[in-house]
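Close look at the chain arrangement
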Amino acid sequence: MNIYEDLKWRGLINQVSDEDKVREYLNTPGAVMYCGFDPTAESLHVGNLVPLLCLVRMKRAGHHPLYLMGGATGRIGDPSGKDKERDLSDPEVMETRLEKIKAQVRRFVERNTGDRPDIVNNYDWTKDMTAIELLRDVGKHFTVNWMLQKESVKGRIDRDDVGISYTEFSYMILQSYDFYHLYRTRKCRLQIGGGDQWGNITAGCEFIRRRTAIDGEQAEAFALTFPLLTTASGKKFGKSEKGAIYLNAEVTSPYAFYQYFYNTDDRDVIRFLKLFTFLGSDDVAAMEKEMEEAPHLRPAQKRLAEEVTRMIHGQHELDRVLAASEALFGTGDLRKVDPATLRAALESAPHRHYAPGDVPDIAQMLVDLGLVPSKGQARKDIKAGGVYLGGERVAENQELAETDFLGGDLLVLRKGKKNYGLVTRG
RNA sequence: GGUGGGGUUCCCGAGUGGCCAAAGGGAACAGACUGUAAAUCUGUCGGCAUUCGCCUUCGGAGGUUCAAAUCCUCCCCCCACCA
């Protein structure tokens, strides 16, 4: 199956500039395509997984994907999909983030293709460009009238409570230049991205056509965007109670990462299997059938969580996460679980250590563990019956007993159904 | 630079001197029901305090008043239109 058909089957294609030509472009191995990632945070999040994964799919299909780091564009700020102007970040902060994301992309790609990714940074070809060059060589090919038609800009102009700065307005010009540059230097003729990137990408296609026309070439470039990720419940995909789910283990623990996918809504899980894993149609169909037969066992959710966690954190981390999940959600009594196993299982849960004489009351421990924002809230949760100690519901005003310490020095606290915290003393 | 409209607790958004820790909605959290799901129902939703209560908040800084998110002064920021 052509990679294009595969993407289509997965529901990964939202818009394509020219379906036939893109399919044809992807028919010959070695095609070059790119997708950009701006350093807007310390780490990529699950939302970035779709494009990232798509580039990997391309690689697996024998093509040559380019991973573009937005060292330059990140300094400007993309108005796409944003309803208000954003603050500019510090260049140094941006640089640090970019390095982290780069490392992350490298690890991910190596793990899933066995090859080093071809990473480029648009700062490299933009930093020495003069304002005059930009205005003459690039800006001249864009009419403001046309730029104003773009969704990202229009959305901001039409509203009477927000505006758009010239800086963000110019974003598409920079991104267009990137595409052109990659066409010139790397023969890249396809750019992929999220649904909100359509305007920016087609701007690039347009620019390539016009710019190359000057040299009598009239090159053609293509755009392909993914659908906006939605969840059945209407929640934003990739957001949990604790905030966005990131790919970096230091920001989102592998355990939380696994749990996020494990908790996928029934209505979304098959679609997500297609979007986030390499499973083919046979496997997916099998999962669908299993799920129908035994929905309460949630085979599809389990598979999804496993596949994605392995992809991002590796088999080793996955094994630990599985052990932890089993210990915490398994049927057994926590007291019967070996303390050492418990400790390992809760490794990615918040942890607090107290000296023997300094162990505070339960409410304070919940605060210290970060399970609740304040002591008052902790009391309220206890009162509501939402706090558990070693698997037993904590009563109001309950004092710690010596027997609560598993193995003599370990406390397992839980708020609600699945928020664990570990306390040790000694 | 001019004119007009704005800045309220996580978000949206009421609130024009005391009844305001501040309506309503959303989000979120907890409970019941379940399948670590969805839907539904209930409770909570600035901080501290077991109760009385105390403290901090309505862009910022001052001021008027027994009393200010609400009035006055200056300042900062955002938006629209005009120049």
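It should be noted that the structure appears before, not after, this text.
Read on for a plain summary of the structure. (Residues numbered from 1 in each chain as written. Chains lettered and ligands numbered in written order. Predicted model: local features only at pLDDT ≥ 70, side-chain atom pairs only at ≥ 80, totals over all residues. Heavy atoms only, no water.)

**Points about the overall build of chain A**
The test is simple: Numbering of helices and strands runs from the N terminus; a helix is a DSSP stretch of H or I covering at least four residues, while a strand is a stretch of E covering at least two. Using a 1.4 Å probe on the protein chains alone, a residue whose accessible area is under 20% of its type maximum counts as buried, one over 50% counts as exposed, and one in between counts as partly exposed. Between two residues, a contact is recorded if the distance between any of their heavy atoms is within 4.5 Å. Accessible surface area values rest on a Shrake-Rupley calculation with a 1.4 Å probe, where residue burial reflects the displayed protein chains alone.
Along the backbone of chain A there are 19 helices and 13 strands. Viewed in the frame of its principal axes, chain A has a C-alpha envelope of about 85 × 45 × 40 Å. Counting all 426 residues of chain A, 48% fall into the buried class. Taking the intrachain contacts of chain A between residues at least 6 apart in sequence as the baseline, contacts between residues at least 24 apart amount to 72%. Looking at chain A as shown, the accessible area adds up to about 20,700 Å², and 48% of this sits on carbon and sulfur atoms.

**Notes on helix α13 (residues 254–262)**
The element α13 is extensively covered by neighbouring structure, given that 8 of its 9 residues are classed as buried. If you check which residues of α13 are buried, you get Pro254, Tyr255, Phe257, Tyr258, Gln259, Tyr260, Phe261 and Tyr262.

**As for the environment of tyrosine 171**
Short version of the rule: Two N or O atoms form a polar contact when they lie within 3.5 Å of each other; inside protein one atom must be a possible hydrogen donor and the other a possible acceptor, and for residues adjacent in sequence the pair counts only when both atoms belong to side chains.
Summarising the element assignment, tyrosine 171 is placed in helix α11 (residues 171–186). Residues tyrosine 171 and alanine 72 lie 99 residues apart in sequence; the distance between their C-alpha atoms is 9.9 Å. If sequence neighbours within four positions are ignored, tyrosine 171 has contacts with Asp38, Thr73, Ile76, Gly77, Asp78, Pro79 and Asn200. Looking at tyrosine 171, its side chain comes within polar contact range of the side chain of aspartate 38, at 2.6 Å.

**Some remarks on helix α3 (residues 49–60)**
Under the convention used in this document: Working rule for helices: expected span equals 1.5 Å times residues minus one.
Between its terminal C-alpha atoms α3 stretches 16 Å, which fits the 16 Å expected from 12 residues at 1.5 Å a residue. Counting buried positions along α3 gives 10 out of 12 residues, so the element sits mostly inside the fold. Every buried residue belonging to α3 is among Leu49, Val50, Pro51, Leu52, Leu53, Cys54, Leu55, Val56, Arg57 and Met58, and all of these are buried. Positive phi shows up at glycine 62, right after α3, with a value of about 95°.

**Regarding the nonpolar core**
To keep it simple, the criterion reads: The nonpolar core is taken to be a set of buried Ala, Val, Leu, Ile, Met, Phe, Trp, Tyr and Cys residues, with the residues joined through side-chain atoms within 4.5 Å.
Membership of the largest hydrophobic core comes to 105 residues, with the highest contact counts inside it found for Phe261 and Phe276. A total of 11 residues in this core trace back to one element, the largest contributor, which is helix α16 (residues 299–329). If near-sequence neighbours (up to four positions away) are discounted, phenylalanine 276 is found in contact with Val46, Leu49, Val50, Leu53, Arg57, Leu229, Phe237, Phe261, Leu304, Val308 and Met311. In this structure, Tyr354, Leu369, Leu371 and Ala378 belong to the second largest nonpolar core, which totals 17 residues.

**Some remarks on the packing of α3 against helix α5 (residues 91–113)**
Pairs of packed helices are described in terms of their axes, by the angle between the two and the distance that separates them. Which entries qualify depends on this criterion: In this analysis, axes come from line fits to C-alpha atoms, helices being fitted only over the stretch in contact, and the angle between any two N-to-C directions falls in the range 0 to 180 degrees. Roughly parallel means an angle under 35 degrees; roughly antiparallel means over 145; roughly perpendicular covers 65 to 115; every other angle is labelled oblique. By convention the crossing between two helices is left-handed if the near helix lies anticlockwise of the far one by an angle smaller than a right angle, and right-handed if it lies clockwise. Charged means Asp, Glu, Lys or Arg here, nonpolar means Ala, Val, Leu, Ile, Met, Phe, Trp, Tyr, Cys or Pro, and polar covers whatever is left, Gly included.
Where α3 contacts α5, the axes come no closer than 10 Å and their chain directions differ by 40°. Considering the angle they form, α3 stands oblique to α5. The crossing of α3 and α5 is right-handed. Facing Leu49, Leu52, Leu53, Val56, Lys59 and Arg60 of α3, the residues of α5 in contact are Val105, Phe108, Val109, Asn112 and Thr113. Of the residues assigned to the contact of α3 with α5, the class counts are 7 nonpolar, 2 polar and 2 charged.

**Some points on the environment of glutamate 292**
On the secondary structure map, glutamate 292 appears in helix α15 (residues 281–293). Glutamate 292 gets classed as exposed once you look at its relative accessible area, which sits at 70%.

All we've got here are geometric facts, nothing functional implied.
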